[in-house]
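Listed below are the residues making up each chain.
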Amino acid sequence: DTGVSQNPRHKITKRGQNVTFRCDPISEHNRLYWYRQTLGQGPEFLTYFQNEAQLEKSRLLSDRFSAERPKGSFSTLEIQRTEQGDSAMYLCASSLAARSSYNEQFFGPGTRLTVL
Amino acid sequence: GQQLNQSPQSMFIQEGEDVSMNCTSSSIFNTWLWYKQDPGEGPVLLIALYKAGELTSNGRLTAQFGITRKDSFLNISASIPSDVGIYFCAGQPDYDNTDKLIFGTGTRLQVFP
C-alpha cells in the first residue's frame, strides 16, 4: 500500500501525559500537513511542511504541540501535558507541490486520541 | 477556525436517487476539493477543481467550481448503498498564500435500499 500511513490508529492516555504520533506520507510527496478533527466537524489545519521546513503553524497549535519532519520524509506530532480538550482525530495528509496537481492532499486514516 | 458552509447538513435518500449538495463561502477560493469520509477513517479525495466554471466528473460524481469562485457543487447520480458517508468540501482561499485547506461542515448521506 503506497498511501499515507499513521501510527498508532488509536491512543488513550491520561491527562497530563505526553503523546507522539507518526505520519508516513506518500513516498514522492514533498508536502506534509497535520489537521485535527473533532466530532461532527470538518478537519482544521494545524501545520505543514515542505520537505523538512515547517512553513506555517495555526494558532490552534499551542506551545504544548510540536511537529517535526527531520529528514523530509516521515513526521511526528507531539502533544505535551495532554488535556481533555485535546481529544480528537489527528489527520495527516501529503501532497506533491507540482503545477498540475497543486493542492491535491491525500489523507491518512488518522490517529484517534482520547484523553481521560 | 473558519469553516465553509455546506448544505444540506444531512440527507436521507432511496437507492437510485440523485443527490446534490453545495458549499459556500463569503471569500473567493482558488481551489475546491470534495472528500468522502467513512466513520473512523480519513477523508478520501473524490474530485479537485482549479478554475472558475470548471465541471469535472469522476464516475457517478460530478462537481463544479462556481463562477463567482465563492461556491462549489457536488452531484451524485444513481446513488448506491456504498455512497453512505460524510461528504466534505474543502478549498484554498484566495486571501491565503499557503495551500492549507479550509473544510466545510460536512453533509451526512444515508442511502436506503
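Scope of this entry: the structure provided in the associated data block. (Residues numbered from 1 in each chain as written. Chains lettered and ligands numbered in written order. Predicted model: local features only at pLDDT ≥ 70, side-chain atom pairs only at ≥ 80, totals over all residues. Heavy atoms only, no water.)

A word on the overall build of chain A. Across its full length, chain A carries zero helices and 11 strands. If you list the helices and strands of chain A from N to C, you get β-β-β-β-β-β-β-β-β-β-β. Its C-alpha radius of gyration of 14 Å places chain A within 12% of the 13 Å reference for a compact globule of 116 residues. A buried classification covers 49% of the 116 residues belonging to chain A. Surface exposure of chain A reaches about 5,900 Å², of which carbon and sulfur atoms provide 45%. (Helix = DSSP H or I, 4+ residues; strand = E, 2+ residues; numbered from the N terminus. Rg over C-alpha atoms; globule rule 2.2 N^0.38 Å. Buried < 20%, exposed > 50% of the residue type's maximum accessible area, 1.4 Å probe, protein only. Areas by Shrake-Rupley, 256 points an atom, 1.4 Å probe, with all protein chains shown as cover.)

On to the interface of chain A and chain B. Opposite the 27 residues of chain A that make contact, chain B presents 24 residues. For the chain A and chain B pair, buried surface summed over both sides reaches about 1,900 Å², with 47% attributable to carbon and sulfur atoms. Taken together, the links from chain A to chain B amount to three salt bridges. The tally of links between chain A and chain B comes to nine residue pairs in polar contact (both at pLDDT 80 or more). Of all the secondary structure elements, the ones that give two or more residues to the side of chain A that touches chain B are strand S4 (31-37), strand S5 (44-50), strand S9 (88-95) and strand S10 (106-107) of chain A. Looking at the side of chain A that touches chain B, the element that brings in the most residues is S4 of chain A, giving four residues. (Contact = heavy atoms within 4.5 Å. Buried area = accessible area lost by both parts, 1.4 Å probe. Salt bridge = Lys/Arg side-chain N within 4 Å of Asp/Glu carboxyl O. Polar contact = N/O pair within 3.5 Å; in protein donor to acceptor, adjacent residues only side chain to side chain.)

Further remarks concern the pattern of salt bridges. A side chain with one charge can pair with a side chain of the opposite charge if their charged atoms come near. Under the defined criterion, the tally for this structure stands at nine salt bridges over all chains. Between arginine 22 of chain A and aspartate 24 of chain A there is a salt bridge, and its shortest N-O distance comes to 2.8 Å. Under the relative-accessibility criterion, arginine 22 of chain A is labelled partly exposed at 33%. A salt bridge links aspartate 38 of chain B to lysine 36 of chain B; its shortest N-O distance comes to 2.9 Å.

Bringing the pairing of strand S3 (residues 19-24) of chain A into the picture now. Residue and element names in this part refer to chain A. By the alternation rule, side chains of S3 split into Val19, Phe21 and Cys23, which are all buried, and Thr20, Arg22 and Asp24, of which none is buried. As paired elements, strand S1 (residues 5-7) and S3 share three bridges and run antiparallel to each other. Looking at S3, one finds that glutamine 6 is bridged to cysteine 23. The pairing of S3 with strand S8 (residues 75-79) spans five bridges and is classified as antiparallel. Each bridged residue has a counterpart across the sheet, and for threonine 20 the counterpart in S8 is glutamate 78. (Pairing = 2+ DSSP bridges.)

Before going further, it helps to examine the environment of aspartate 99 of chain B. Turning to its location among the elements, aspartate 99 of chain B is positioned in the loop between strand S9 (85-93) and strand S10 (102-103). What makes aspartate 99 of chain B buried here is its relative accessible area of 0%. As a C-alpha pair, aspartate 99 of chain B and threonine 31 of chain B span 68 residues in sequence and 9.3 Å in three-dimensional space. Within the structure, the side chain of aspartate 99 of chain B is placed 2.6 Å from the side chain of arginine 31 of chain A, a separation counted as a polar contact.

Let us now look at the sheet that holds S8 of chain A. To summarise the sheet geometry, strands pair through backbone hydrogen bonds and adopt either a parallel or an antiparallel arrangement. Residues and elements named next belong to chain A. Within the open sheet, the four strands sit side by side as S1-S3-S8-S7. Their pairing is antiparallel. Here the strands that pair on one side only, and so sit at the sheet edges, are S1 and strand S7 (65-68). When the angles between neighbouring strand axes are averaged without regard to direction, this sheet yields 15°. (Axes fitted to C-alpha atoms, helices over the stretch in contact; angles between N-to-C directions.)

That is the geometry; function is a separate question.
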